[in-house]
Structure formats: structure tokens, C-alpha cells
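Summary of the model geometry
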Amino acid sequence: MTIWDELKDHRDANGGLRILDLFADENRAETFSRRVDGLLFDFSKTALDAGAMSLLLELARSRSVENRRDAMFAGARINETEGRAVLHTALRAPGGVVELDGRDVMPGVLETRSRMADFANAVRHGGLVGQGGTYTDVVNIGIGGSDLGPAMATLALAPWADGPRLHYVSNIDGAHIHDTLAGLDPARTLVIVASKTFTTIETMTNARTARDWMAGTVADPATQFAAVSSATDKTGAFGIPPARVFGFEDWVGGRYSLWGPIGLGVMLAVGPEPFGQMLAGGHAMDTHFREADLADNLPVLLALVGIWHNQICGHATRAVLPYDQRLARLPAYLQQLEMESNGKRVAMDGTDLARDSGPIVWGEPGTNGQHAFYQLIHQGTRIVPCEFLLAAEGHEPDLAHQHRLLAANCLAQSEALMRGRSLEEARALMAGKGLSGDELERQARHRVFPGNRPSTTLLYKRLTPFVLGQIIALYEHRVFVEGVILGINSFDQWGVELGKELALALEPVLSGEVDGAEKDASTRQLARAVRTGSL
């Protein structure tokens, strides 16, 4: 019998026990919580008990999580399908030595970070200006990891934003860049093109559109561009001066790249110091992840809760619910981080997975979600494990009363998910409203909440740059641990390739250059309708 089998047997043996019953142990909340560097992670509102945790920790050890972790930090090429190391953690290290194939990568990291800071300060303080004066706006053009991370972080750090206004363009839909550029002054707008290879079709199409837009006003549009790319030949051909090109290595995956040059837009918005504090928060989580025992290790515990809910209990989705409006883009960011990393169907050796891989990740900030999809979470037929995030205090002291209402809603939702409302309680509620007989029974049944629905809560004092760094790194390492336990490579993304290839083949079909006879009947019909407009 495997540990997986033991976990499922344990689940079945305790299937009749409700989460609320577990709180008969007056120490449960403390036992199933951890406090680390100002973070409180409470996972007591789950069906996990001491036996399940013991088995999960045994599972993590049996899958060599610690060894794999150490190999990652040591620069081993753990991204085996691409033959690459995974060293995004070096981007947030304050210094020291990080070796890859006997070479210390930190001098290059620190030099690039210093160049970014010099560039950001020059733009922010007027040392570097556009052809119409000081830059008022920055447009970051990227997609995927070159967009989701910096867009999320820029919004999260709004209280520190004292630089030019940041705008993010990702979609190849012309409406995105059209609506973003509308109203901006080309002569006072800086454009960052973020593409490691400088070939990403969405990014480069938007970049050329932005250059054409700027050329209608300024004499030399390329001088108001910067690039985050390692393809210096292509950035040079585009006309971007070398001093405005910031590259990064192939040991930094796109969805893990916020900490380096991809975060240039964030640094322009908030300044090098707050950006550095975000790096410090990420590095603090790295240190905790490397040094803490598995039983007290936040990324490991968050991963084990995820494994329990998805692979053991069979809950296919995971809702990320930040009760923090400035983390509104966090669920979308984590969608890519988790689903692109662990949405795989084969193990490291190429064999089919024996169990489900990563869950579907989705969510919205509270309290908005309460008026949208919480109905399904509370009374739907499928169980959705929820992950709440909450600051103990907000940034607006004059609106403290609103933050108390926000916090009360967050805590109430996790309590309601666990506690529910029984039929007897619903009957009493309806009787109190004067109903009786069949109508009382009918109305009462609509007001029953099954409860016993799991959630975790990550509480922090206030959303600062340091805390944001902690949160992002926490989830990065959680994805890594889950991937190791599942035996998959969390650092490649071959699943995005086929659609790209087919899109390139379809574009000439839509333009009428080729007939697309080799395509299936459905695709031919749709392409013909798009091309001719005959709907």
C-alpha cells in the first residue's frame, strides 16, 4: 500500500467527521496554524487532522522535497525537458554567491539591478525625458509572465506609486493597445517592450503599433522605447539603444521573472527602494523555505493542503479570494503560476501521470465575489476549497471603519463555509418569520447551508512591498512543492506551443492567401465566416 492509498483510506475513515467537530480540541486553531515573519497561516478550517498531516509530511519526504529544493537553490538543471537551471530566487537575493556550472551569477544580477535603478531614477526624476518633456506615462507591452506579474504588483503597491502612470498592454486584440494609448501624449510616453526573445507575436505586433503611433508625433520614436530582452540583435534592429535594454538568463522562467528586469515597470512606478523591499520579502520567504522543518514550512504546508484537497479529496478547483482590493490581479497571476506550471499530464520520465495534476485556480477579490459566485461555493453541489488573504489593517486610516467591515466579511465567509446552517436552524428561522406547514418546509430547505467546506486564511498586518514579496514567493514555492510531490516538471510549458503553431498557419487562411483545405470542416467554416463576414 502506498502513502497515497493510506491518505485516501484515512480520508474515508474520517468521512463522517465534520470540520467543526475537530474544534472540540480547544488547541486546534493554534495547532493547525503557523506564524512566520509577520504572516499567520491558518489551515484549521480544513478536514486535516494529525494523522492526515503525518501522512502528508511522510509523502513529502518520500518524494524528496528537501533534496529537490536544495538542488534548485544550488543551480542544478531541474528543468530537465529544457536542460535549464531554475534560479529566479537569485534575482531577489541581496548578494552572496549563487553558482551555475561553477560560475557565480550574482555579479550579473546585481549589475542589472543597479542599471534598472539608475534608469528608473532618471525617468522618475527628470534626468531622462521624452521628446516632449518629463515622462508622464509608461506603457509596458508584454504577455503572460511579462505582463501578469508586473501588472499585479503595480496595482498592489499603489500606495507607493509616485512615478509616471503605468499602463499594461498584453492582448493582440487591437482594442487593448488602442484604448490604452488613447489620451496619452506620445512625446511624453515611454514604452517598454518585454519579450525575452523579442519574437513573441502578440508583444511584437503591439510594439510595432506603438512605434507607429509615436512616429506620428515625435521625430525619433525608438529613443522613447526600452526593452526587457536578451535578444540584443533584435532590439538593436528595432532601434532601441543598448543602454535601454535589460536582459535576463534562460534560468529565469517567464512566470517567475517579476523579480528582475520584467519588474522594470514596477520600479518605475514605485521607485527602486520599495521594489527592493519587495525583493527582500521574497528573499525572506526563500530563507524560510530553505531552513524551516517541513512541519513548520509555510510553502510546504500550503502545498500539502492543496494536495489533500485536490489529489486526495478530489476537489478539482481552488478559489483564491484576497480581501484586499489592491490584490485584485493576484488570482489571475496565480492562474498562470499554478496552471501553467502544474497543468501537466506526464511525469518527469514521460510516463502518464497516475493521478490528477494541478487544480483549476480562479477567484476575485472580496467582497465583490460575495455578490457573484459565493452562492455556488456555499450551496452548490461541488466543494470548492477557498484560500482567503486578508490584511489586519488598511492603508487609509480615515477609512478604518470600512476595513473593519471588509475583515468582518472575510472572517464571516470562512466561518460560514465551515459551520453552515442545518435544516432545523432554517426551520426555526422561517417559523420566526411566521411561516408554517408545507411553505415553512419548502422555504427552509432553500436556506440550508451544508457547511463543512474547507478554507485557509493567510493574514498579514498590512500589504507592504515586503509582504507582497513574501506572498508571491510563498506561492511560487508552493507550486514547486506540489510539482515535486506529483513528479512533474513545473518549469516548462509545452502546452502553449501547439495553439501558437496552428495560429501562424491560420493567419494566411484568414487573409485569403491560402485556402486552408487541409483544415477540418468546422475550422474552415469559421475561417470563411471571419474572412468574408458572412454570418
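Read on for a plain summary of the structure. (Residues numbered from 1 in each chain as written. Predicted model: local features only at pLDDT ≥ 70, side-chain atom pairs only at ≥ 80, totals over all residues. Heavy atoms only, no water.)

1. A closer look at the overall build of the protein chain
Counting its regular elements, the protein chain contains 21 helices and 13 strands. With respect to the principal axes defined by its C-alpha atoms, the protein chain has extents near 80 × 60 × 60 Å. Looking at the protein chain residue by residue over its 535 residues, the buried ones come to 50%. Pairs at least 24 residues apart make up 74% of the contacts formed inside the protein chain by residues separated by at least 6 positions. When the accessible surface of the protein chain is split by element, carbon and sulfur atoms take 51% of a total near 23400 Å². (Helix = DSSP H or I, 4+ residues; strand = E, 2+ residues; numbered from the N terminus. Buried < 20%, exposed > 50% of the residue type's maximum accessible area, 1.4 Å probe, protein only. Contact = heavy atoms within 4.5 Å. Areas by Shrake-Rupley, 256 points an atom, 1.4 Å probe, with all protein chains shown as cover.)

2. Considerations on empty space enclosed by the protein
A probe matching the size of a water molecule, rolled over the atoms, marks out where space remains unfilled. One pass over the full model with this rule turns up two cavities of 30 Å³ or more. In terms of lining, the largest cavity is formed by 13 residues, of which the most central are Gly306, His309, Arg318, Pro385 and Glu387. Among the secondary structure elements, those contributing two or more residues to the lining of the largest cavity are α13 (298-312), β10 (317-323) and β12 (386-391). Counting residues per element, the lining of the largest cavity draws most heavily on α13, at four residues. (1 Å grid on protein atoms, 1.4 Å probe; cavity = no way out; pocket = protein on both sides within 12 Å on 5 of 7 lines; lining within 4 Å. Points joined across faces, edges and corners; volume = space filled by probe spheres on them.)

3. Description of the side chain of aspartate 286
Summarising the element assignment, aspartate 286 is placed in helix α12 (residues 272-291). Not counting the four nearest positions on each side in its chain, aspartate 286 is found in contact with Phe73, Thr89, Arg92, Ala473 and His477.

4. Looking at the sheet that holds strand β11 (residues 360-362)
Within the open sheet, the six strands sit side by side as β1-β2-β13-β12-β10-β11. Their pairing is mixed. Two strands lie at the open edges of the sheet, namely β1 (33-36) and β11, each paired on one side alone. Within this sheet the neighbouring strands show an average axis-to-axis angle of 15 degrees, counted without direction. Note: β10 against β12, five bridges, orientation parallel. By the bridge assignment for β12, alanine 319 is matched with cysteine 386. Across the sheet, helix α16 (residues 400-419) is in contact with β10, β12 and β13 (455-460); its angle to β12 comes to roughly 155 degrees. (Pairing = 2+ DSSP bridges. Axes fitted to C-alpha atoms, helices over the stretch in contact; angles between N-to-C directions.)

5. Looking at the pairing of β12
Looking along a regular strand, one sees the side chains alternate between the two faces of the sheet. Among the six residues in β12, six count as buried, and that is most of the element. Burial of β12 is two-sided: the residues Cys386, Phe388 and Leu390 facing one way and the residues Glu387, Leu389 and Ala391 facing the other way are all buried. Where β12 lies against β13, six bridges are found, and the strand directions are parallel. For phenylalanine 388, the partnering residue across the bridge sits in β13 and is threonine 457.

6. Some words on the packing of α13 against helix α19 (residues 465-486)
Relative orientation and spacing of two packed helices are given, respectively, by the angle between their axes and the distance between those axes. Where α13 contacts α19, the axes come no closer than 8 Å and their chain directions differ by 55 degrees. One way to sum up the angle between α13 and α19 is to call them oblique. Here α13 runs over α19; the crossing is right-handed. For the pair formed by α13 and α19, the contact residues are Leu298, Pro299, Val300, Leu302, Ala303, Leu304, Gly306, Ile307 and Gln311 on the first element and Leu474, Tyr475, His477, Arg478, Val481, Glu482, Ile485 and Leu486 on the second. (Parallel < 35°, antiparallel > 145°, perpendicular 65-115°, else oblique. Left-handed = near helix turned anticlockwise from the far one by under 90°.)

7. Some points on the sheet that holds strand β5 (residues 137-141)
With parallel pairing, the five strands of this open sheet are ordered in space as β6-β5-β7-β8-β9. Looking at the sheet topology across the chains shown, the edges are occupied by β6 (165-169) and β9 (245-246). Across two bridges, strand β8 (residues 225-228) lies against β9 in parallel orientation. When the bridges of β9 are listed, valine 228 appears paired with phenylalanine 246.

8. Let's talk about helix α9 (residues 201-215)
If you check α9, its first and last C-alpha atoms are 21 Å apart, about what 15 residues at 1.5 Å a residue would give, namely 21 Å. By the burial criterion, the buried members of α9 are Thr203, Met204, Asn206, Ala207, Ala210 and Met214. Projected onto a plane normal to the axis of α9, the buried residues spread over an arc of 160 degrees and lie on a single side. Those residues of α9 that are buried are in contact with β5, β6, α8 (174-181), β7 (189-194), β8 and α10 (232-238). (Expected span 1.5 Å × (residues − 1). Arc of directions from axis to C-beta.)

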